[in-house]
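Notes for the structure review
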Amino acid sequence: MLTILFDGTAYGMLLFVLACGLSVTLGLMNFINLAHGAFAMAGGYCTVVLVNRIGVPFALGLPLAFLATALLGGLFERTLYVHVYARPHLDQVLFTIGLVFMSVAATDYVMGSSQQFVRIPEALAGQFNVFGIGMGKYRLLIIVVCGVLTAALQLILAKTRFGSRLRAAVDDQRVARGLGINVGAVFGITFAFGSGLAGLGGALGAEILGLDPTFPLKYMIYFLIVVTVGGTSSITGPFLASILLGIGDVAGKYYVPTLGAFVIYAIMIVVLIVRPQGLFARGPAR
Amino acid sequence: MTPLAADVAQRLRRRARWSGFEIAFWVVAFASIWLLPQKHLILTETAILALFALSLDLILGYAGIISLGQAAFFGTAGYFAGLVAKYGLINDPVLALVCSGLVAAALGFVTSFLVLRGSDLTRLMVTLGVSLMLGELANRYSNITGGADGLQGITVAPILGLFQFDMFGHTGYAYCLSVLFVCFLVARRLVYSPFGLSLRAIKGNALRAGAVGIPVNARLVAIYTISAGFAGMAGALLTQTTAFCSLDVLSLERSADLLLVLIIGGTGYLYGGLIGAVIYKFMQDWIATLTPQYWQFWIGLLLVAIVLVGRDRMAAWHEAARAALARFFTGAMAWRRRPALGGAAPDRR
């Protein structure tokens, strides 16, 4: 039981790191980005290449994956995404699904369709035994890393000048513009940072989630659940939602394995019926 | 009737009249039964896809509901049609088709209440969630659905007891095209009726539509149910013509491809889904022979390109092409008619 809780928390933390970039882009620009998972996959593959082929140490591979995907995200944002912000939601959905299809086929072409594994250092394999609960060392690492990241994100959002600009832009874009905040630049940076986080999540999660070319399609639903259930107005909402989702999914797969992800979808639909703006939203979304 | 009402009614009637382009489209479609016998298998798939896209056009193009979950109805009805044929519950394919459509419509009615609330994203997630849940259920009850291996051992009886399905798809194509035509007639009648006009009003602005007395929610429920029925018939057709049904009828890719089909053809004028289906199927066939494994990449590229070029610009091209075609046909008709008029004129004098 506690093991499930532990694994679920690790899983949920991972989902949060993967999805928080998405929640910010959605909340800030009201932009539906279904291609978020593609960046996560890019991060995962980047680590695979760095660690397995070139022999970069795992601890260095993770930040490099972050940087590479952040750069990639920034590049895409400036060249492609900027054209689609003002379009209706249908266009955004089509555009980003198109990107997902392309990324899936391109990854298949370059890396092959088989599942990839990141070589994890010996020290991280195995389990601790605390109070009779088996805790995987790697999962513990994930919880620690993601926990630190979450705290850092919260601090950045709450304490820094950039954070207050971002929050202002999320709350009311037009007024923020009027106050002289360069919303476009704020968004570009946030998008790149969010993509980088997704890449980091993909690199960390390659071991748990599995990494193959269909990754963006498989986990797209999960990211969207986190965002829609959590609401987009803060990062606490998506955080709680992803922990809930992680524990719910692990528990569901443990207790009723034959139903698969049915439990999660059912919970999502019920939540969205009761609270269309998300569980933890402050008010009606714009 | 007041003069204004009469005037409006007349205008609407004129708008609903069959144009030369429409007649030509269906003549060509039915002519392909005899003219393209070696292409019947792919044409069958095209007709099914066209019906499926028509169902999405009804809710997306006319009522403005974005859905990624049409596959839920397609798949449910597909399995229903497969099961009743396999266990011999309903032997006549046409009756089974209608029943499958009704089952899908019932499912659509139940789930329609879920799409009434929330923003586009919420609707997207709810429709997607419903189809994914059904997919999980179909996988779970693999003793009924056949699970990942698909539902096998379906034998479909001859249509109306007369026409046996053959392996070249000749019967299947004629059957699918006829069903498509009938459904199209129904859809056409619907969208040109006051009901269809009220849907357009809702799509334009739901709040104002409510203010002029249109029962917004009831209309949305109605069109969602009808659309589900159409999607279900498409699914049943697929099962009946292929005598097979597998889990991918409920997959996300099916719904996503459907959006693409409709976008290629254009939304909101009924022919979008049909034309889109033809272009999509033949393009897929062509790309798949070039690069069998990576055709998805080109589909994705096409989607991105369509959005970057702009759907409104594409719509303008559609408009221009249709206007040109219409001019051509009316011109051709007028040209045919003119000598007759000229001949009749002297008599009257």
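The structure we're discussing is the one just above.
No experiment lies behind these values; they were computed from the predicted model shown.

All right, on to the overall build of chain B then. Helix and strand content of chain B: 15 helices and zero strands. Here the C-alpha radius of gyration of chain B, 22 Å, is about what a compact globule of 349 residues would show, namely 20 Å. Dimensions of chain B, computed from the C-alpha atoms along their principal axes, are close to 80 × 50 × 40 Å. Looking at chain B alone, contacts between residues at least 24 apart form 78% of all its contacts between residues at least 6 apart.

Contacts between the two partners involve 37 residues from chain B, matched on the other side by 37 residues from chain A. Mapped onto the side of chain B that touches chain A, the elements with two or more residues apiece are helix H6 (120–140), helix H12 (252–265) and helix H14 (295–309) of chain B. With 15 residues, H6 of chain B is the single largest residue contributor to the side of chain B that touches chain A. Residues of the side of chain B that touches chain A, tallied by class, amount to 24 nonpolar, eight polar and five charged.

Moving on, we come to the nonpolar core. If you look at the biggest cluster of nonpolar residues, it comprises 185 residues, and the most contacted ones within it are Leu51 and Leu54 of chain B. For this core, the element with the highest residue contribution is helix H1 (residues 2–29) of chain A, accounting for 15 residues. When near neighbours in sequence (up to four residues on either side) are disregarded, Leu54 of chain B contacts Cys183, Phe184, Ala187, Phe230, Leu270, Gly273 and Leu274 of chain B.

What follows is about helix H4 (residues 89–111) of chain A. Residue and element names in this part refer to chain A. With 23 residues, H4 extends 32 Å from end C-alpha to end C-alpha; this agrees with the ideal 33 Å at 1.5 Å per step. Counted residue by residue, H4 has 17 buried out of 23 residues, so it is predominantly covered. Where H4 terminates, the next one or two residues include Gly112, which has phi positive at roughly 85°.

So, about the environment of Phe80 of chain B. Residues and elements named next belong to chain B. Inspection of the secondary structure assignment puts Phe80 in helix H4 (residues 71–86). Phe80 sits 19 residues away from Gly61 along the chain, and the two C-alpha atoms are 28 Å apart. Excluding residues within four positions of it along the chain, Phe80 makes contact with Ser100 and Val103.

Right, let's talk about the environment of Val304 of chain B for a bit. Following the sequence through the fold, Val304 of chain B ends up in helix H14. Setting aside its immediate chain neighbours within four residues, Val304 of chain B contacts Phe95, Gly98 and Leu99 of chain A.

Okay, helix H8 (residues 183–209) of chain A next. At Ala203 of chain A, H8 of chain A is bent by approximately 40°, the largest bend along its length. Where H8 of chain A terminates, the next one or two residues include Gly210 of chain A, which has phi positive at roughly 85°.

Residue and element names in this part refer to chain B. Phi at Ala243 takes a positive value of approximately 55°, unusual for a residue other than glycine. Within the fold, Ala243 resides in the loop between helix H11 (216–242) and H12. Judged by C-beta crowding, with 17 C-beta atoms within 10 Å, Ala243 ranks as partly exposed.

To continue, consider the packing of H4 of chain B against H6 of chain B. All names here are of chain B. The N-to-C vectors of H4 and H6 enclose an angle of 30°; their axes lie 8 Å apart at closest approach. Viewed along their axes, H4 and H6 adopt a mutual orientation that is roughly parallel. From H4, Ala71, Ala72, Gly75, Thr76 and Tyr79 reach across to H6, where they touch Val130, Ser131, Leu134 and Ala138. Across the contact of H4 with H6, the residue classes break down as six nonpolar, three polar and no charged.

Calculation rules
Residues numbered from 1 in each chain as written. Chains lettered and ligands numbered in written order. Predicted model: local features only at pLDDT ≥ 70, side-chain atom pairs only at ≥ 80, totals over all residues. Helix = DSSP H or I, 4+ residues; strand = E, 2+ residues; numbered from the N terminus. Rg over C-alpha atoms; globule rule 2.2 N^0.38 Å. Contact = placed C-beta atoms within 7 Å. Nonpolar A, V, L, I, M, F, W, Y, C, P; charged D, E, K, R; others polar. Core = buried A, V, L, I, M, F, W, Y, C linked by C-beta atoms within 7 Å. Buried ≥ 20, exposed ≤ 12 C-beta atoms within 10 Å, placed from the backbone. Expected span 1.5 Å × (residues − 1). Bend = angle between axes of the 7 residues up to and from the residue. Axes fitted to C-alpha atoms, helices over the stretch in contact; angles between N-to-C directions. Parallel < 35°, antiparallel > 145°, perpendicular 65-115°, else oblique.

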